[in-house]
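Single-letter residue listing:
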Amino acid sequence: AEVSTQSTGENSEYTCKGTVEKVDDLEIYVVGSGEKCVFWNYDIFGFTAGRTRQICDLLASKGYMVVLPDYYRGGSITPTDPGLMDWIKKYGPFDTVLLPDVERTLTLAKDRGAKVFGSVGTCWGSYAVINLSCRPEFKAGVSCHPSHSKMFPAIDNKEEETLRRVTCKQLFLSAGNDHENCLPGGLAEKVLRDKVTIEVFPEMAHGWVTRADMSDAKVERDVNKAITMMLQFFNDNLC
């Protein structure tokens, strides 16, 4: 699952293979087709940032429909911007704030033939993955350098309660500096037990899958390892 990309971590030199559709006021990037659908949940950098769409396109090339909703309506923020926690609170809790966009996205995917779903979340997006994984349509969830353990306390403090409602297998691809709850021996493993597989990439920093510099050989190695594991996980569980 080789990802060949420019080293900036942006899509500016990459030509996307999908299209942007609109449902009400929600834009959704859609690529690929089939009954197996991956529901991608991006990071705080937003709809067009990093390698997000490139990896969506790669998943689509392996036989999946991929849908990427723009929850932020064109917005974005960076970790160093003032008001970060207010931004995070604005997009929670899931059931009241994000759920309408989830339903719009699922309807579009189902109208195009999707029948079984998996989800991916990078950083902020893992909060959506954990919540989506409580729904019967979803058979697998992948969280790359997950941030939900920092978000739940800011939103509704229901991390453990939500983890207990998860019904499908989870794969955490955690950076070495990610929250202890998302590392071996942490809360996720204690609650989910054999439902979760945690792979730690000790040489990687938070955000690496979609944003780290691919000209670094270690980053290239671990990005491709993470995507290979993601693909195998969906192959094993979306059936």
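Residues numbered from 1 in each chain as written. Predicted model: local features only at pLDDT ≥ 70, side-chain atom pairs only at ≥ 80, totals over all residues. Heavy atoms only, no water.

Draft legend 1. Helix 1 (residues 52–61), seen in detail. Burial analysis of helix 1 places nine of its ten residues in the buried class, the great majority of the element. On its buried side, helix 1 packs onto strand 1 (19–23), strand 2 (26–31), strand 3 (36–41), strand 4 (65–69), helix 8 (208–211) and helix 9 (217–237). Two residues or fewer after helix 1 comes Gly63, characterised by a positive phi angle close to 110°. (Buried < 20%, exposed > 50% of the residue type's maximum accessible area, 1.4 Å probe, protein only. Helix = DSSP H or I, 4+ residues; strand = E, 2+ residues; numbered from the N terminus. Contact = heavy atoms within 4.5 Å.)

Draft legend 2. Structural view of the packing of helix 4 (residues 125–132) against helix 5 (residues 148–155). Running from N to C, helix 4 and helix 5 cross one another at 80°; their axes reach a closest spacing of 8 Å. Considering the angle they form, helix 4 stands roughly perpendicular to helix 5. Seen from helix 4, the contacting residues are Ser126, Tyr127, Ile130 and Asn131; seen from helix 5, they are His148, Met151, Phe152 and Ile155. Residue composition of the contact of helix 4 with helix 5, by class: five nonpolar, three polar and no charged. (Axes fitted to C-alpha atoms, helices over the stretch in contact; angles between N-to-C directions. Parallel < 35°, antiparallel > 145°, perpendicular 65-115°, else oblique. Nonpolar A, V, L, I, M, F, W, Y, C, P; charged D, E, K, R; others polar.)

Draft legend 3. Layout of the state of the cysteines. In this structure the tally under the stated criterion is zero disulfides. Unpaired in this structure, Cys16 has its nearest cysteine sulfur neighbour in Cys56, at a distance of 9.0 Å. (Disulfide = S-S within 2.5 Å.)

Draft legend 4. Spatial organisation of unusual backbone geometry. Geometrically, the link from Gly92 to Pro93 is a cis peptide bond, its omega value of 0° lying close to zero. Secondary-structure assignment places Pro93 in the loop between helix 2 (84–90) and helix 3 (94–111). Even without being glycine, Asp24 reaches a positive phi, approximately 55°. Examined against the element boundaries, Asp24 turns out to sit in the loop between strand 1 and strand 2. Although it is not a glycine, Arg193 sits at a positive phi angle of roughly 50°. Among the secondary structure elements, Arg193 is positioned in the loop between helix 7 (187–192) and strand 8 (196–201).

Keep in mind that these numbers describe shape and distance, not what the molecule does.
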